[in-house]
Each structure stands twice: as structure tokens, then as C-alpha cells.
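Here is what each chain is made of, one letter per residue.
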Amino acid sequence: MSDYTAIIPVAGKGVRLLPYTAHCPKTMLSVAGQPIISHILRQVEECGIKRVVFIVGYEKESLIDYIRSHYAHLDVVFVEQTEQKGLGHAIYMAKSAVTGPCFIVLGDTIIDGDLRPLVQSSKNAVGVKIVEDPRRFGVVEMKDGLIVGFEEKPEQPKSNLALIGAYSFLDSAQLFSALEEVIASGKTVKNEIQLTDALSVLLQRGAEIIPMQMKDWFDCGTVEIMLKTNQILLDRYSQVPEKFTGSNRITPPCWIDERAELEGCVLGPYVSVSEGAVLKNCILQDTIVGNDTQLTSKTASHVIFDKYSK
Ligand code: G1P
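The structure presented is a predicted model; accordingly, all values stated were derived computationally and were not measured.

### With respect to the pairing of strand β4 (residues 51-56)
Alright, step 1. With respect to burial, β4 is a largely interior element, five of its six residues being buried.
Alright, step 2. Note that strand β1 (residues 5-9) and β4 share five bridges and pair parallel. Along β4, the bridge assignment pairs Ala6 with Val52.
Alright, step 3. Pairing between β4 and strand β5 (residues 75-80): six bridges, direction parallel. Pairing of Val56 across the sheet is with Glu80, part of β5.
Alright, step 4. Handedness of the β4-helix α2 (residues 60-70)-β5 crossover: right-handed.

Right, dumping it as C-alpha cells:
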């Protein structure tokens, strides 16, 4: 078991995913049979972490209900961020709930890679990846194999090494103190208090932060990208419980949750059906069906359905 506390900011709305985010935060949207947050928590649990602080905000009840009913085995704390002042501010909200080492992982993307080395490291560490256009990310500047600078969404990036949204800190008190310095200075980038600027403060104070390469990450920013991510994940994890194969025709890869109900459907390839969904006489391909969604006689391809879909 790890002594790290995970901090997962999940307050964001995900405006580019409306109307699917009209009733829940982005992290509750399903991909490959489970909400984004469940994919993230699987990785966090693989790290041996048992304590998780969620920074909640927009439509927080749906997330809180889901976590309480599905993760009763974890020690969880929900901290509300009442004003959306940026990632740095969201993380600072966790101050009173966290001591010792902490592991921050962003709640709206699924990282492709093993996160364990980040929390097993004897140094502060950040997950990084080389990207084509670093201007929309936090950027890491390296010299002789060491990190010498950080900059959030720079116009003229000093490298193409981007922060992917996973950070481990040996001493959370140092992180919160660095965030306090950023907040007190009034510095913002794109009008938001940035976690990346606290990393710069830590460097200036002499802390060592090492980069850890991750394979990739699945940005779940738009419907298009969600469906692409669904495909990639289903190519890795396909699951069709035996009980559904009698009255339905299912072409893998698909992920059908045990707790779904299917009758007379033709599904696949690339269909994911989440817990509590009830599908009758549907023909679906390349489609995501979210939790508790009821569909009858639907024929669709390349679509997302949630429980509010008509
Ligand atoms: C945030 C961080 C940024 C990081 C990115 C990774 O930006 O501020 O440093 O590179 O996540 O997804 P956001 O995507 O919230 O604008």
C-alpha cells in the first residue's frame, strides 16, 4: 500500500462535450464501458493508493454518488471548488485534506502508460510526452537531462515536451506553499492560476523534479475523440459476457457490462455498453452507450448515447 494521497480535480464542465455534459461533469462520461473517472481510478489503485481527494464543482452530485456506491473500499474526500480559478487553485483547495506525499492526476484525460513509476520514484516526478504542438500544454524545459524550467501554454515553447497531467510530490506541504506563492503573486496564465507555475516556484526553491515519459494520453475532449478513444481501448480490452450471446449478435471488439440488459440486438464492432443500460432490438456500430441508458429499436453508427438521449 502506498502512503500517497491522490488528488483528482474533477470540477470541470467539458463544454465541448455538451449536451452530454449537461447533467454530469466530463469525467462521468463513459468510454469503453466505464466513466472516465473509473479508468483513472483503476490506474490510481494499481499504484497502491487508497486515499483520494476529489476536487469537485460542476454537477458534483452525480460524481459523488457514483464514487460512494462504487468505491466504498477507498478512503475518499470531496472538496468543493466553488470558483473556477484554474488548475493551480483547484489543487490548492486540497491543502487541508492532504499531508505527506501526493499524486495529482487530472480527471478529464486517461493516460496511456504505467503510472506506478511516478509514485515509486525517490524524487518529485512529472509525466511528460513529446508532442507536435506544445503551445496548448504545460511545457518542460530540459538541460543536460535535468528539468530547468516550466511554462504554461507558451506562445514560443522552449521544447516540445509537454506535461501530460500526472505529477507526484514527495512533500505536499512544499507544493501547497509553492501554490500559495503563485496565488499571492497574482500570476495567472489565460486568466487561471496554474499548477505549472507552482512547479516553477519549486524549481526556483531548489527542488528536484524529474520527467517520466508516458506512452500517450487519450484526450476525451470532443465526441470524435471520445469515439476514437473508445475504439483504441476496445482493441485492448474486449468483453462480451456469455449470457448476452444467445439472443443477440455481437461482433467484437465490444465491451458489454455484466449489469447491462440486451435483447435482440446486433452490436459491434466497437460498441461499449455501460452498467445499467437496457437495449432492445438495436443495431449499433462504433457507438458508446452510457450508464443507465435505455434504447429501443435504434440503428446507429458513430454516436454517443447517454441516459438523457431520446
Ligand atoms: C492542463 C495543464 C497543462 C497540461 C494539460 C495536460 O491544461 O495546465 O500544463 O499540459 O493539462 O492535459 P488544460 O488541459 O487543463 O488546459
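On we go from here.
### So, the packing of helix α1 (residues 36-46) against α2
Alright, step 1. One can describe the packing of α1 onto α2 by two numbers: an axis separation of 11 Å at closest approach and a directional angle of 45°. When the axis of α1 is compared with that of α2, the two are oblique. α2 is crossed by α1, and the crossing has right-handed handedness. Residue-level inspection shows Ile37, Ser38 and Leu41 of α1 in contact with α2, the latter providing Leu63, Tyr66 and Ile67.
Alright, step 2. Class assignment for the residues of the contact of α1 with α2 results in five nonpolar, one polar and no charged.

### Details of helix α5 (residues 172-185)
Alright, step 1. Relative to the 20 Å expected for 14 residues at 1.5 Å per residue, α5 spans 20 Å between its end C-alpha atoms, a close match to the ideal helical length.
Alright, step 2. Taken together, the buried positions of α5 are Ser172, Leu175, Phe176, Ala178, Leu179 and Val182. Looking straight down α5, one finds its buried side chains confined to an arc of 160°; they lie on one side. Across from the buried face of α5, at angles greater than 90 degrees, the exposed residues are Ala184 and Ser185.
Alright, step 3. Packed against the buried residues of α5 are β1, α3 (87-92), β6 (102-105), β11 (161-169) and α6 (195-204).
Alright, step 4. Its side-chain oxygen placed 3.0 Å from the backbone nitrogen of Ala173, Asp171 serves as the N-cap of α5.
Alright, step 5. Gly186 lies just past α5 and shows a positive phi near 80°.

Parameters and conventions
- Residues numbered from 1 in each chain as written.
- Predicted model: local features only at pLDDT ≥ 70, side-chain atom pairs only at ≥ 80, totals over all residues.
- Heavy atoms only, no water.
- Buried < 20%, exposed > 50% of the residue type's maximum accessible area, 1.4 Å probe, protein only.
- Helix = DSSP H or I, 4+ residues; strand = E, 2+ residues; numbered from the N terminus.
- Pairing = 2+ DSSP bridges.
- Right-handed = clockwise from strand over helix to strand, strands pointing away.
- Axes fitted to C-alpha atoms, helices over the stretch in contact; angles between N-to-C directions.
- Parallel < 35°, antiparallel > 145°, perpendicular 65-115°, else oblique.
- Left-handed = near helix turned anticlockwise from the far one by under 90°.
- Contact = heavy atoms within 4.5 Å.
- Nonpolar A, V, L, I, M, F, W, Y, C, P; charged D, E, K, R; others polar.
- Expected span 1.5 Å × (residues − 1).
- Arc of directions from axis to C-beta.
- Polar contact = N/O pair within 3.5 Å; in protein donor to acceptor, adjacent residues only side chain to side chain.

Honestly, that's just the spatial picture; any functional story needs more than this.
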